[in-house]
Every structure is written in C-alpha cells, then in structure tokens.
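# Overview (structure and organization)
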Amino acid sequence: MSRTDVRKTYKLYIGGAFPRSESGRTYLVETADGTTANASKASRKDARDAVGAARKAFGGWSGRTAYNRGQVVYRVAEVLESRRAQFEAELVGAGSAAAQAGVEVDAAVDRLVWYAGWTDKIAQVHGSANPVAGPYFNHSAPEPAGVVAVVAPASPLLGLVSVVAPLIAVGNTCVVIASQPAPLVAIAFAEVLATSDVPGGVVNILTGDAAEIAPWLASHMDVNGLDLTGVDDADLARDLEVAAADNLKRIRRAGVEDLAASPALDRMTTFLETKTVWHPMGL
Amino acid sequence: MTRGSRLRCRRIWGAHYADPVSTTTQSTLADVTASDATLRRFLHGLPGVDQVGADQRAAGLGSRSIKTSSKKWALDLAISMVDLTTLEGMDTPGKVRALCSKAMRPDPADPSCPHTAAVCVYGDMVGIAKQALQGSPVHVASVATAFPSGRASRTVRLEDTAEAASAGADEIDMVIDRGAFLAGRYLQVFDDIVAVKQACGAVHLKVIFETGELQTYDNVRRASWLAMLAGAHFIKTSTGKIQPAATLPVTMVMVEAVRDFRAATGRQVGVKPAGGIRSSKDAITYLVMVNETAGPDWLTPDWFRFGASSLLNDLLMQRTKMATGRYSGADYFTLD
C-alpha cells in the first residue's frame, strides 16, 4: 500500500516554539537534489518577538550554574551526534559533498563539546583576583552581557554552531538570523536544541533576509550585543555598527574567518562584561 | 454552515444585544429598589448574557488592526486613561512619591507625553500622594471598604471610606460584598453602595465587582445594574488580587450595561477594567471594544480608565518606538 509523503514545513524557532512568520511570507530554497523548499521569511515583528523571548529567558539561563549550562550544551552535542544521519543528509541537500558532510557534523559536535567544557572554566581564566592597597579581597568576574543578535555565517551547520555555542555557554541568550541560502539545516538544528534541555527562548532562530531583519535588531534598545560574523556586505556591516552604537552594544565585527580551525576564547569573551567586587578581609 | 444555523446564530446574537430595559421607564427604575423582592425580580429579569456569543464578539474585536496615526492617538489616549496603581503591603511613602512623579510625567524625556488620569493607592497613602501631586491635574484614587475582600462590618467599611475621603482622595474605589451578592442579598449590597456613596460626599465613587468571583456574565450584568442604580459613578471589574482579573468579554458586558443604563435613565456611568492588562495591544483592543459597543462618548479619561501598573511602561515603549523608529527596551523606563 502506498503511503502519503509526510513533508516537513520549515518554520522559525522563537521562544521554544516553531511558529510561521507573523507576516506569512516564505521564500524558495533550492536543494541539491533539484527540489525546492519553502522557508519562512521572518519580518521585523518576528525579530521583535524573538528578542522578547530571549530577554525573558535570560534571567533563568544566566542564573544557572556554569556547571549546569555545560551539561546542557553537552546534551546538545549528544543529540546532534545521535541525529548524525539526518544532518549529513541535510548538508548534502544544502550542497555539501557526502564526505564533507560527515566531516562537518563531526566538527560541529566536537565544537559543542569543546564549549561545554569551557562553561565553568571561563571565569577562572578570564576573571581575576586583584591585589589592592587595603584590607579587601578584590575579584573581577565575567558576566554575560544579555541578549545578543547574530547574523550567522554561510556555513550552514558548523557556522551556526560556532556562533551559538560560545554565546549560550557563557550565559547569554541569542537571536540568530540563519544563513539565507541554507536555512533548512538551521531549523533542523533548532529541533536538536528544542529536544536537549535548552530552555525555550535561549536560542531563537530566524530565517529570511538578513539585510531586512538585522537593522531592526541592531537598533533594538533591548539587545546588548551584535555578532556580525555572517555579514559580507561592507556597507550593511557599517550601517549595523552605527545603529548598534546608540545603546553601546558589544559588537563582533564582520570578517572572513576559518571556522574549521580550532576556536579561541574571543567568541565567548566579546559578549562578557566584567563585574568587580570589593569584599572586606578578615571578618 | 447552513442557512438555518446562520439564522440561529443571528438570533442568539440578537438576544445578546437586546435592550434590557426597553419596557422600563425611569419612574419604574426608582421602584425596583423598594424591597429585596422587587430588586431581585428586576435583576433576574435582565436578559441573560450569551456567553459564547460574548466571548466570540470580544475575540472578533481583538483582531482589529490599529496602525500609524490612529495607533499614536490610541496610545496617548490609553496613557491618559491609566490609573497608575500600587496596592501592595510593602508600599512605602517613597514608592508612592515615585509613582506620583511618574504619573505626572510618564516619559520625562518627552514633554508631549500626556499625564495619567490618576494614581490609585491604599487609604493611608492618600495624604502622601496628594502632597506629591499638588498642583497637577492627576487625581488621587483610594481603595476603601476593607479592600480587597470587603470582609468587615459596615461600620468599619464606612469609617475606612470617610477617612480616605477626608485625607483628600478625589476618587474612592470600593469593593462590593461578593458573599452577599452571590447569596442573593441584593438589597444589602445596594444599601452598602448607597451608604458608601453618602460617606464619600462629593468624591467620585467607583464600585469594584471582582468579576473573577462572580462566576457568570449574568452576574456581572446584574452587579452592573445594581451598582448603577445605587449611584456609582464608575463600575470597575476587579481588585487585581484575584485571577482572572479584567477580561475583554467581562468588560464588554459592563460597557453594554452602561450604554443601556444611559439609554434608560440619561445618566452616564464610567467603566474601569483593572488587572491583567499588560500590553499596549490589549489596551488598544479595549478602546476598540468601547468604541464599538458604547461609542466615542466613553473614549475619554472621564468615562473610561485602565487600572494598571506595568501597562504604562509598555505604552511608553510603544510610543517611543513610534517616535524614534526603533524598538525600545525595559531598561529605559522606571520600574515603578
């Protein structure tokens, strides 16, 4: 007996749910096997809702112990590993060679594990005990900046993981505009996030036109950081930086980088703020 | 939907909009409060509210889209209708003063932003609020009559009212005895309201029903008529201490009641939904509902109010978004 195809509708990922764009718009995505898919084309109101969801999730997520955040990020790696076959197929659909797809899934899982390990160590490496001229302990400790808006790089899986994992590892929440030509992998990754104990709203993924949505996020007064890794248009990048300056957002500037290389700590530290406390000694 | 069922729907809707007092003249309205029996006969003679129809009508009004200059006007109107409220056990004079300065200048960065209608506080804070608001057009509203439960003897409740009024409150928000109302002792509730009104003197009286405890829309309609017959200037949904607080259909039933009451008696009564209205979108939906149900006569702070605290910040954020073209954030507005 023949069976009806069950086709997936690719939607957005906001606040732990998968809504269609408020605008009802979609755009065509070409896949390698010659079929086309409709991805949601997010509007400024979807971006606004995503920022609201990220803000709501920030208190709980940043308040968790670093150890617990590490467990959750590791859990994302576990679930991604167990869905390896699906992601290899998704990557092939997005244009990767079969051998390359396996390598990219490996790298994405490894990167998640790497950042999972850093959650409870970044404060030791990046914080300090400061000698002061008085009877006080003086500590500087890194704290997450808040809600970070991200334009993800074109690399559909490894690029997305490389920008999201460091943000959530240190306790930020984020709104990510996925790669415009390959958004389906990003929404498949959202399904991984949704099933791996990452609270709703910690990561929000929008698909659509970055040039349309990003200016609203860059000027949004309730967004604390802006990661422009995926912006390849220099004029747009400059405009976004200018808009972001109004409320002194922390910015990671646009620029080509080798995502396959081992990461440094800068993706975590860019979106950290330093809190220094004085504590009386000998009491 | 078949033709028959469509007509049936229309008939139910028709009942929902029937004029409850089409046969009642002003002179007979005076008689209904003569005794408990006549009052009960009148209140139970009011047409029932079709709950499904009311919910559906309210949901339909909620889907209206208000944009650009209309939205701007609606936001300013909503700000000017807010009764900025703090009713907590932990209220301090400092918090009340902060609230008063926010009521006078909700957005200190923008002088064109209207002031709110009133601040709403407990009776013992009236003097402080009055002093802080000196010379401004913002009113001081005080809750009274053993708010929020109303569970005290009439003497105590009247004393509470008189004290708030003599401290300088411009408006008194009283609660009805829900126990007596639900037990069917309508005349007792009526006499309570009359007595409190007397204790208020010239001060405006708002009557709180706590609709979350009244169970049915029929009861909300009865309570509305009861309070209006007793002379209330405003009828108010809730204390904000009970869930559910104000909802759109409940407020719509009350707005229908004030519309019908004016048609029957010529006296206009205001409506104040309180509690649970947190977003600008909600507030604008209420304004649409008032306009569609009772008409633009009620679209002023004299006849429609929002009892709220967090709503004001959302209205200000929306207003700022319209002025600057970028989304605003909660960090840029005071918490209280």
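Residues numbered from 1 in each chain as written. Chains lettered and ligands numbered in written order. Predicted model: local features only at pLDDT ≥ 70, side-chain atom pairs only at ≥ 80, totals over all residues. Heavy atoms only, no water.

Quick look at the sheet that holds strand β10 (residues 272-280) of chain A now. Sheet strands associate in pairs through backbone hydrogen bonding, adopting either a parallel or an antiparallel arrangement. All names here are of chain A. One open sheet holds the 3 strands; their spatial order is β3-β4-β10, and the pairing between them is antiparallel. Looking along the sheet, the strands with just one partner apiece sit at the ends: β3 (128-129) and β10. The pairing of strand β4 (residues 136-144) with β10 spans 9 bridges and is antiparallel. In the strand pairing of β10, E143 is matched with E273. (Pairing = 2+ DSSP bridges. Helix = DSSP H or I, 4+ residues; strand = E, 2+ residues; numbered from the N terminus.)

Below, the discussion takes up the sheet that holds strand β5 (residues 147-151) of chain A. All names here are of chain A. Pairing is parallel in the open sheet, where 5 strands are placed in the order β7-β6-β5-β8-β9. In the strand order of this sheet, the two ends are held by β7 (203-206) and β9 (250-252), each with one partner. On average, each strand axis in the sheet is tilted by 15 degrees relative to the strand beside it, whichever way the strands run. Relative to strand β8 (residues 225-227), β5 runs parallel, the two sharing 3 bridges. The residue of β8 that forms the bridge with A149 is L226. (Axes fitted to C-alpha atoms, helices over the stretch in contact; angles between N-to-C directions.)

Between its first and last C-alpha, helix α4 (residues 98-118) of chain A extends 31 Å over 21 residues, near the 30 Å set by a 1.5 Å rise per residue. Within α4 of chain A, the full set of buried residues consists of A101, G102, E104, V105, A108, V109, R111, L112, Y115, A116 and W118 of chain A. (Expected span 1.5 Å × (residues − 1). Buried < 20%, exposed > 50% of the residue type's maximum accessible area, 1.4 Å probe, protein only.)

All names here are of chain B. A cis amide bond, omega 0 degrees, links F147 with the succeeding residue P148. Relative to the helices and strands, P148 is located in the loop between β3 (139-143) and α8 (154-166). The phi torsion at T68 lies on the positive side, around 45 degrees, for a residue other than glycine. Here T68 lies in helix α5 (residues 68-80). Although it is not a glycine, E210 sits at a positive phi angle of roughly 55 degrees. Locating E210 in the fold gives a position in the loop between β5 (204-208) and α11 (217-229).

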